[in-house]
Amino acid sequence: MTTIAPSLIVHGGAWDIPDEHVEAHIAGCRQAAEVGWKLLCDGASALDAIEAAVRVMEDDPTYDAGRGSNLNAAGQVELDALIMDGATLGAGSVAAVQRVANPISLARLVMEKSEHVLLVADGAEQFAREHGVPICQPQDLLVGRELERWKALQADPTWRTPQAFKAASDTVGAVARDVHGNIAAATSTGGTSKKLPGRVGDSPLIGCGAYANTCTAGVSATGWGESLMKVVFSKLVCDKVEQGLTAQQAIEAGVRVLAQRVGGLGGGIIIDREGRIGFAYNTPRMARAYIVKGDIVSDV
């Protein structure tokens, strides 16, 4: 069988990353890309590569995913994640999980070990226990930075406005094409700061937070979830590829629709069926890293 040159891109969230946090965001994305890339070069599947890359960022308290996630209005961490296999259109996702440090791996288990696509809250955690996933305490996911941010937001009247989303969103994601040409995409998040308990954004929803179809492209989104859901952002971008746009043209078109149709803020990353990489965003910054001819390119 003829092998294909692999492709990989990861993101660490679209928002107004402060200057003092830029280095950490770049470093985390680079580490995630290195881990995923090594797997791809060793012949691993796109699914294996993106799961491993996202786990790196879930474990890094820099990001709003896994450890270090934003707190909801009740001061709790609630995690969402989605993984999708573009070869089969199989997908698994979890939402409102509080006791699993790596929800992306739990999402993959949902895809591979259940007849369902989405499990939430206590049901997702029970499924995790039944399949040997380590259970942590909610406080294990809490970092002091987010506790201080939560306290500051108690008196902030703008925290639910679109403007607030420019200042706080660290959703992480990855897209890969493996040596067999298969594409996969994944997204993981702690959601928005001071969200209502039980709020679920775009990240765990197929076509919104991520989408993968080996015949077209794979996309992972980040930003203001309520607006990304309204335009079904990730599927919209994949459809643009099917209509003949390149990866970069498609992701730019998706961001334009997001802004013009619903006033949305965010962005995303993409790999198309030719292995071409693209990214776009309309927030001040978006952390990302990708591989070009074996070299890592990273920026915010």
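Residues numbered from 1 in each chain as written. Predicted model: local features only at pLDDT ≥ 70, side-chain atom pairs only at ≥ 80, totals over all residues. Heavy atoms only, no water.

Peer 1: Go over unusual backbone geometry, please, and point to the residues and values.
Peer 2: Outside of glycine, negative phi angles account for most residues, and trans bonds account for most peptide bonds. The residue leucine 89 is not glycine, and still its phi comes out positive at about 65°. Along the chain, the position of leucine 89 falls in the loop between strand E2 (79-85) and strand E3 (90-97). (Helix = DSSP H or I, 4+ residues; strand = E, 2+ residues; numbered from the N terminus.)

Peer 1: Explain the pairing of strand E7 (residues 210-213) residue by residue, including any values.
Peer 2: Because side chains alternate across E7, one face comprises the buried residues Ala210 and Ala212, and the other comprises Tyr211 and Asn213, equally buried. Strand direction decides the pairing type here: E7 and strand E8 (residues 217-223), joined by four bridges, are antiparallel. Its bridge partner lying in E8, tyrosine 211 is registered against valine 219. What sits between the antiparallel neighbours E7 and E8 is a turn of three residues. (Buried < 20%, exposed > 50% of the residue type's maximum accessible area, 1.4 Å probe, protein only. Pairing = 2+ DSSP bridges.)

Peer 1: Can you break down the pattern of salt bridges residue by residue, with the values?
Peer 2: Applying the stated rule across the entire model yields ten salt bridges. Note that aspartate 19 and arginine 285 form a salt bridge whose closest N and O atoms lie 2.9 Å from each other. Here aspartate 19 is found in helix H1 (residues 19-41), whereas its partner arginine 285 is found in strand E11 (residues 285-292), with 266 residues between them in sequence. Classification of aspartate 19 as exposed rests on a relative accessible area of 58%. Across the pair aspartate 239 and lysine 235 runs a salt bridge whose closest N-O atoms are separated by 2.8 Å. Here the residue aspartate 239 and the residue lysine 235 both occupy positions in helix H8 (residues 233-242), the gap between them amounting to four residues, near one helical turn. On the basis of relative accessible area, aspartate 239 is assigned to the partly exposed category, the value being 24%. For lysine 235, a relative accessible area of 28% puts it in the partly exposed group. (Salt bridge = Lys/Arg side-chain N within 4 Å of Asp/Glu carboxyl O.)

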